[in-house]
4 protein chains.
Amino acid sequence: MGEVRAKRMPRAERERQMLDAAVRVFGERGYRAASMDDIADLAGVSKPLVYLYLNSKEELFSACIQRESAALIAAVREGAMGGGAADRQLWDGLRAFFTHTARNPYGWAVLHSHARTGGEAFVAEVMAMREEIVAFVTGLIVEAAREAHGDPALPGREVAGLAQALVGAAESLAGWANTDASVTAKEAAATLMNFAWAGLGNLMEGRRWSPPPGA
Amino acid sequence: MGEVRAKRMPRAERERQMLDAAVRVFGERGYRAASMDDIADLAGVSKPLVYLYLNSKEELFSACIQRESAALIAAVREGAMGGGAADRQLWDGLRAFFTHTARNPYGWAVLHSHARTGGEAFVAEVMAMREEIVAFVTGLIVEAAREAHGDPALPGREVAGLAQALVGAAESLAGWANTDASVTAKEAAATLMNFAWAGLGNLMEGRRWSPPPGA
Amino acid sequence: MGEVRAKRMPRAERERQMLDAAVRVFGERGYRAASMDDIADLAGVSKPLVYLYLNSKEELFSACIQRESAALIAAVREGAMGGGAADRQLWDGLRAFFTHTARNPYGWAVLHSHARTGGEAFVAEVMAMREEIVAFVTGLIVEAAREAHGDPALPGREVAGLAQALVGAAESLAGWANTDASVTAKEAAATLMNFAWAGLGNLMEGRRWSPPPGA
Amino acid sequence: MGEVRAKRMPRAERERQMLDAAVRVFGERGYRAASMDDIADLAGVSKPLVYLYLNSKEELFSACIQRESAALIAAVREGAMGGGAADRQLWDGLRAFFTHTARNPYGWAVLHSHARTGGEAFVAEVMAMREEIVAFVTGLIVEAAREAHGDPALPGREVAGLAQALVGAAESLAGWANTDASVTAKEAAATLMNFAWAGLGNLMEGRRWSPPPGA
DNA sequence: CATGAATGAGCATTCATTCAT
DNA sequence: CATGAATGAATGCTCATTCAT
């Protein structure tokens, strides 16, 4: 039993408890290895109640993904909401991203590590979330290019690739920061900004790294 | 049944077949969702034979990770083996990486997506492989700094973070290239080089992006 | 299916049914040869329910041993509880033993024949029960010696051997009585008393059978 | 692998090796828990060879029972073969029994502990062996009665019961002696003789222990 | 004679899911 | 609203047994 069973609470709160438990168990064990028994136990409710509220393991997992996705996106958006120059917005968004993932390791594990293991449907859901972040980042890059150069010289395809790289680097650094406790969100964000900003700037001004002629 | 059953073949060959099948099934479904029945079927053998040769699901998965890790590292090393300047080596290594992951999507999925879901032991194995690649990349970065500036001004901690970011970006782009068939290995490599090279160069010369004062 | 399935009964009763079935199947086939399927079928429940209540085959077997041991010891103790002279108590205990084993052939088979085959842990459990009975019998023998001769001339080691022999003879006669239905518990008890009593009496008075000189 | 594989030995010897291994493995683990793999390994031969020579697990186990039964009976008969008075013969036979079982613990375990767990057929085989010993002992008892009293006053049924008790006591003491290494075969035999002889003598002279009137 | 290669069938165990109360 | 009772369907793994060489 996860905790003392407090009877008769409003449905919304019960559901939140269940989702909390589910996110934790899914995040620790993965979709398949997590059992509905464990989740119900940790939530302090009986299994049929979980089914009554959330219908099935699939829907429960889906609900976890939805909630954690929304929370992550909201955190990043809110972080970047202060406005300012594009680099400032990117910096703020990254810090919010690293802070949020460090504070919600189970939710982040669900999104980053385990969503892929539960079948096509979940992959799609997480991809949608990821696309939303990528789109957000893409917007920032384009805006930065416009600010700096008036005219975005970058083809959309290239911007998409850059955003993918940036997001992947961020994900990797999030894992790094979660593994090594001495790495702060701020440090991870700084590392990534340093890594990315000059490269982005170069590209926006049309300077490219050229592959060696023979390659 | 996966294919026509060719009976009575030498053990080494059968084992390879089994590993091929296992990599595919694990890559498609993940560790837990993959069933030994499916793997045996796809390999065209009975389950007991799989156990006779590979002992258990855990060992089988481990063997997959080992084989695919070794193959990926070998591909990257071989790609970069031509020597030349550090940027050239990085470029060659990245191309080899994207080419290999594109050609071995199941193996890549096992390493990148699913190894985390099978328990601590597997995580450790994949992390070891990842560390090997990160160390390789780190070496290239340090060497590049030395070539360009005589003295590596970067602290080890910062280099580690950069390597993490670079590898994460590469992983993300590999997923991008695998999802969107129109993205070639070369294009992914070029995107990443362009993204990363100037940032790295700036850092090596001590130029950093500075967070805005109020942050 | 063993019997008509009466649905929805309280846990305690279901557990008793399961133990009844398990004792029977274990007693008939032995630990290894007994299958959880057979036990569940005979109990009229599904296998998962057996696992929900009894956890594992090992624990189920252990529970059988515990229950049957306790029942047998209780029967013997209650039989001998009437008091009286030591020979009277022994006689009463033996009759109770033969009656109980005849009425519970499966339980007796579990204890006598099959507990040895399920691994060290079970051996220990049955040995503990056997030691309890041996100790009980030993006590009667010592008491009888005291009653008859004031001073027990028998060393403890010899008493232990006698008790072992007596219990072994009883076990053998229990098998005999179970095999040949015409042998009653009373007859088996009388045979054993006749066999044992005079020998015990002789020993208590210090008269021993002497091995021939050349041996 | 149990030992170095010496190739090409005559069939009889190979079969003996296999039986040795089988007796040991069956004796240690019981019929069901013993695996043909273990037996073949311990015998230092391949599994198909075991099947070629001994046909099946059942037949192999049966062969073990036959061989060990014959050896035990032969040992007892040979021990008692010296002749002399009936008590001397019984004493010699018992010593031979305890000596043999102490020297062949695996064989004894097969006969005493595990033969019951392999199904009806094996029980019958062991029972036949046991009946042979019981008959032998019965003969000694009857002979002793004749020697001492000229006329056997004991009904056959009573003699059978006594023999059962005596053999059971011997079996129990064999287990005792095998468990506690400080108990010698001679001591076990003396304990049993002392236990039994006076009781048998009394019975032969018509003196019986009488159950208390009210029982 | 002897074995490496191979399998059909079974077993203990677990899990998502559903009723009856 | 909430739960104790119950199960169909897998799943990892093992074993006795048999060919093809």
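Looking at an unreviewed UniProt entry, chain A carries the name TetR/AcrR family transcriptional regulator, with the source organism given as Streptomyces antnestii.

### A short note on the relation of the copies chain D and chain C
For the pair chain D and chain C, the superposition axis carries a translation of 0.0 Å, the fit reaches an RMSD of 0.4 Å, and the rotation angle comes to 179°. Taken together, these values place the two copies in the relation of a two-fold axis. Of the interface residues in chain D, 100% have counterparts in chain C that sit at the interface too, so the contact is made through matching surfaces.

### Some remarks on the protein's contact with DNA strand E
Close to DNA strand E lie 34 residues, the nearest being A:Lys47, B:Arg8, B:Pro48, C:Arg8 and C:Tyr51. Sugar and phosphate atoms form 56% of the subset of DNA strand E atoms that lie within 4 Å of the protein. In this structure, A:Lys57 approaches DNA strand E through a side-chain N or O atom, which is 2.8 Å from a phosphate oxygen. Within the contact set of DNA strand E, a phosphate oxygen lies 3.3 Å away from a side-chain nitrogen or oxygen of D:Tyr53. For the surface near DNA strand E, the secondary structure elements donating two or more residues are helix H3 (47–54) of chain A, helix H1 (11–29) and helix H3 (47–54) of chain B, helix H3 (47–54) of chain C together with helix H3 (47–54) of chain D. Across the surface near DNA strand E, the residue classes tally to 16 nonpolar, six polar and twelve charged.

### Thoughts on the interface of chain B and chain A
Taken together, the contact between chain B and chain A spans 46 residues of the former and 45 residues of the latter. Across the chain B/chain A interface, buried area totals approximately 4100 Å², and carbon plus sulfur atoms make up 63% of it. Of all residues in chain B, the largest losses of buried area upon contact with chain A belong to B:Asn194, B:Phe195 and B:Trp209, amounting jointly to 21% of the total for that side. Across the chain B-chain A interface, the total number found is two salt bridges. The salt bridge partner of A:Arg157 is B:Glu187, with a shortest N-O separation of 2.4 Å.

### Thoughts on the protein's contact with DNA strand F
Taken together, 34 residues surround DNA strand F, and among them B:Arg8, B:Lys47, C:Arg8, C:Pro48 and D:Lys47 come closest. Sugar and phosphate atoms form 55% of the subset of DNA strand F atoms that lie within 4 Å of the protein. One of the backbone N or O atoms of D:Ala34 is found 3.1 Å from a phosphate oxygen in DNA strand F. Residue D:Tyr51 places a side-chain N or O atom 2.9 Å away from a phosphate oxygen belonging to DNA strand F. Counting only elements with at least two residues in the surface near DNA strand F, the list comes to H3 of chain A, H3 of chain B, helix H1 (11–29) and H3 of chain C together with H3 of chain D.

### Overview of the environment of D:Ala70
Looking at the secondary structure, you find D:Ala70 in helix H4 (residues 57–80). For D:Ala70 and D:Met129, which are 59 residues apart along the polypeptide, the C-alpha to C-alpha distance reads 8.0 Å.

### Regarding unusual backbone geometry
Generally, phi is negative for residues other than glycine and the peptide bonds are trans, each holding for most cases. All names here are of chain B. We note that asparagine 55 has phi near 75°; this positive angle belongs to a residue other than glycine. Tracing the chain through its elements places asparagine 55 in the loop between H3 and helix H4 (57–80). Given the relative accessible area of 45%, asparagine 55 is considered partly exposed.

### So, the environment of D:Leu166
Residue placement: D:Leu166 occurs in helix H8 (residues 156–179). When the C-alpha positions of D:Leu166 and D:Leu140 are compared, they lie 12 Å apart, and in sequence the two are 26 residues distant. Apart from the residues within four sequence positions on either side, D:Leu166 is in contact with C:Phe195, D:Leu90, D:Val137, D:Leu192 and D:Ala196.

Cut-offs applied
- Residues numbered from 1 in each chain as written.
- Chains lettered and ligands numbered in written order.
- Predicted model: local features only at pLDDT ≥ 70, side-chain atom pairs only at ≥ 80, totals over all residues.
- Heavy atoms only, no water.
- Least-squares fit on C-alpha atoms with pLDDT ≥ 70 in both.
- Contact = heavy atoms within 4.5 Å.
- Near = heavy atom within 4 Å.
- Polar contact = N/O pair within 3.5 Å; in protein donor to acceptor, adjacent residues only side chain to side chain.
- Helix = DSSP H or I, 4+ residues; strand = E, 2+ residues; numbered from the N terminus.
- Nonpolar A, V, L, I, M, F, W, Y, C, P; charged D, E, K, R; others polar.
- Buried area = accessible area lost by both parts, 1.4 Å probe.
- Salt bridge = Lys/Arg side-chain N within 4 Å of Asp/Glu carboxyl O.
- Buried < 20%, exposed > 50% of the residue type's maximum accessible area, 1.4 Å probe, protein only.

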